[in-house]
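Chain by chain, the residues:
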Amino acid sequence: MTNLPASPEPGDDTRPTKLIGSSATDATIATTTSITTVRNTSGAHIQLADVSKIYPGQSVAAVENFSMEVNPGELIMFVGPSGCGKTTTMKMVNRIIEPTSGSILIDGKDVLSLDPNELRRHIGYVIQQVGLFPHMTIAENIAVVPKLLGWSKAKIASRVEELLSVVQLEPGKFADRYPKQLSGGQQQRVGVARALAADPPVMLMDEPFGATDPITREKLQAEFLRLQDTIGKTIIFVTHDFDEAVRLGDRIAVLSDRSKIEQFDTPARILTSPANDYVASFIGSGAALKRLALIPVTEARLGPAGAATGHMTVPATDTLREALDTLVLTGHSAIGVTDGSDRVIASITVEAISAVLGADAATLPATGSATAVAPERSPRTEEG
Ligand code: ADP
Ligand code: MG
């Protein structure tokens, strides 16, 4: 029998004992760009080996011999068409679905040897349909797992308040409302807060932003990235939207039928060197533009501030995609790059942007379409 750590006593002031999980350490991991960031991670290591699932009464497997290793603090995207097995694969990690065969280790512990209910309490889970309890207030919804873990009232209350702030919902305004009194996007944020409540080392997210409109979705994605930078969970995130995978993922697994991994790599590498036609078809057109959206303005060789023309500028913290949009929109050959206090500190040109793609492509094994720099959509139209 596996020895499970006891839940903290009511009134205990420490964080809940982690069933699986490591102490917070500074880990250096490669992000989606060539930049390496230090992310504070409290995530766990996950290893799936030869995991298969054959649903009862089915002759073909829904998931066949799936193997993958996920590092602590990594944000892994599963992307693939409907029915390819994304949800089934993910749900086996917290045993909402029992694997037919194979092994799943979290921080070296075989999840199949753990009590499934205990396991699930230590893995945050967010789904597309949000799944908030309609008869409970927002605060009560977030408190579900901490309550199960026996936390004191005071500790739960402060955790709820903290989490509402984290997902940018004003506690005083939202804690006592019911789910139906919130917009779809706000409910989605509550779903994320609830999954984070007991500070789980692993988060599983199944198309969590799928039901929201494109604008809300972009906002939630941006917020989510900021959040992940702080909390550094190990996250498996399922989506059928390749752009979402590129935007969010540290690494992307492109899946085909029976959860077959066609390619598992960083967004930049998948975009520049798709492993096969299947992956290439997912990327579609505009791969170069998608890559630009991953590269900060500061990666380009910037010109002197004096070379900039026109009043429209781009912040140094933006991506090359935004810089290109602004260049195309204004028709200027060089636009200003600004610092945090809106001062023009440098300039950027289309040539400098192309050079980044060219240089980058040269250091990668395969070529791909990384030379075309034509916009695939109309440029953003806000005023500078
Ligand atoms: P995805 O999340 O990628 O859309 P799923 O993991 O939900 O895919 O489903 C993978 C395959 O397993 C599909 O062919 C689906 O029809 C089948 N499937 C999913 N759930 C069940 C179930 N409970 N019983 C039988 N077949 C199922
Ligand atoms: Mg699914």
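Above this text you will find the structure in question.
Nothing here was measured: the structure is a model prediction, and the numbers come from that model.

J.: Would you mind showing me how to read the nonpolar core here?
T.: Within soluble globular proteins, side chains that are nonpolar generally end up buried alongside one another. In terms of nonpolar packing, the biggest core is built from 90 residues, with Met 77, Val 79, Ala 193, Leu 204, Phe 237 and Ile 348 touching the most fellow members. With near-sequence residues (within four places) excluded, Ala 193 lies in contact with Ile 142, Leu 163, Leu 164, Val 166 and Val 167.

J.: Please clarify how the sheet that holds strand E3 (residues 46-53) should be interpreted in this entry.
T.: Backbone-to-backbone hydrogen bonds join strands into a sheet, with any given pair of strands oriented parallel or antiparallel. Taken in spatial order, the four strands make up an open sheet running E4-E3-E6-E7, and their pairing is antiparallel. Each of the sheet's edge strands pairs with one partner strand only, and the pair in question is strand E4 (63-70) and strand E7 (109-110). Here E3 runs beside E4; their pairing, made up of five bridges, is antiparallel. When the bridges of E4 are listed, Gln 47 appears paired with Glu 69. Relative to E3, helix H1 (residues 86-93) is tilted by about 125°, and along the sheet it contacts E3, E4 and strand E6 (101-106).

J.: Looking at this structure, how should I read the sheet that holds strand E10 (residues 234-239)?
T.: If you trace the six strands from one edge of the open sheet to the other, you get E8-E9-E10-E5-E11-E12, paired in mixed fashion. Either end of the sheet is taken by a strand with one partner, and the two such strands are strand E8 (123-127) and strand E12 (260-265). Recorded for the sheet is a direction-independent mean angle of 15° between the axes of neighbouring strands. Relative to strand E9 (residues 202-206), E8 runs parallel, the two being bridged by five bridges. Note that in E9 the partner of Tyr 125 across the bridge is Leu 204. Docked against the sheet, H1 engages strand E5 (75-79), E9, E10 and strand E11 (251-256), running at close to 155° with respect to E10.

J.: Whenever I open this one, the packing of helix H7 (residues 184-196) against helix H8 (residues 214-231) confuses me. Can you help?
T.: How two helices pack is summed up by the angle between their axes together with the distance between the axes. It is the contact of H7 with H8, at a shortest axis distance of 10 Å, that shows an interaxial angle of 25°. As far as their axial angle goes, H8 and H7 are roughly parallel. The hand of the H7/H8 crossing is right-handed. Counting all contacts with H7, which are made through Gly 184, Gly 185, Gln 188 and Arg 189, the residues of H8 involved are Thr 216, Lys 219 and Leu 220.

J.: Is there a simple way to explain the environment of Val 79 in this structure?
T.: Mapped onto the elements of the fold, Val 79 is located in strand E5. C-alpha of Val 79 to C-alpha of Ser 259: the two residues are 180 residues apart in sequence and 9.8 Å apart in space. What Val 79 contacts, discounting residues up to four positions off in sequence, is Thr 239, His 240, Phe 242, Ala 245, Ile 252, Val 254, Leu 255 and Phe 282.

J.: Please explain the environment of Leu 196 as it appears in this structure.
T.: Relative to the assigned elements, Leu 196 resides in helix H7. A tally of 22 C-beta atoms within 10 Å means that Leu 196 is categorised as buried. Remark: the alpha-carbon pair of Leu 196 and Gly 124, spanning 72 residues in sequence, is separated by 6.0 Å. The residues contacting Leu 196, other than those within four sequence positions of it, are Gly 124 and Leu 163.

J.: Help me out: how do you make sense of the site of ligand 1 in this one?
T.: Around ligand 1, a shell composed of Tyr 55, Gln 58, Ala 62, Gly 80, Ser 82, Gly 83, Cys 84, Gly 85, Lys 86, Thr 87 and Thr 88 is seen. Across the shell around ligand 1, the residue classes tally to three nonpolar, seven polar and one charged.

Calculation criteria
Going along each chain's sequence as written, the residues are numbered from 1 onward. In the order they appear in the text, chains get letters beginning with A and ligands get numbers beginning with 1. Where local features are concerned, this predicted model is filtered to residues with pLDDT of at least 70; where side-chain atom pairs are given and counted, the filter is 80 or more; whole-chain, interface and lining totals use all residues. Only buried Ala, Val, Leu, Ile, Met, Phe, Trp, Tyr and Cys residues enter a nonpolar core, and they are joined through C-beta atoms within 7 Å. Residues with at least 20 neighbouring C-beta atoms inside 10 Å of their own are called buried, those with 12 or fewer are called exposed, and the rest are partly exposed, where every C-beta is derived from the backbone. Placing C-beta atoms from the backbone, we regard two residues as in contact once those atoms come within 7 Å. Whether two strands pair comes down to DSSP finding at least two bridges between them. A run of H or I in DSSP counts as a helix once it spans at least four residues, and a run of E counts as a strand once it spans at least two, with each numbered from the N terminus. A fitted line through C-alpha atoms serves as each axis, taken over the contacting stretch for helices, and the angle formed by two N-to-C directions is quoted from 0 to 180°. Angle categories: roughly parallel below 35 degrees, roughly antiparallel above 145, roughly perpendicular from 65 to 115, and oblique for all the rest. For any helix crossing, the convention is left-handed if the near helix is rotated counterclockwise from the far helix by under a right angle, and right-handed if that rotation is clockwise. In this text, near has one meaning. A residue is near a molecule or strand if its C-beta atom, placed using the backbone, is within 6 Å of it. Gly is placed with the polar residues, together with every amino acid not listed as nonpolar (Ala, Val, Leu, Ile, Met, Phe, Trp, Tyr, Cys and Pro) or charged (Asp, Glu, Lys and Arg).

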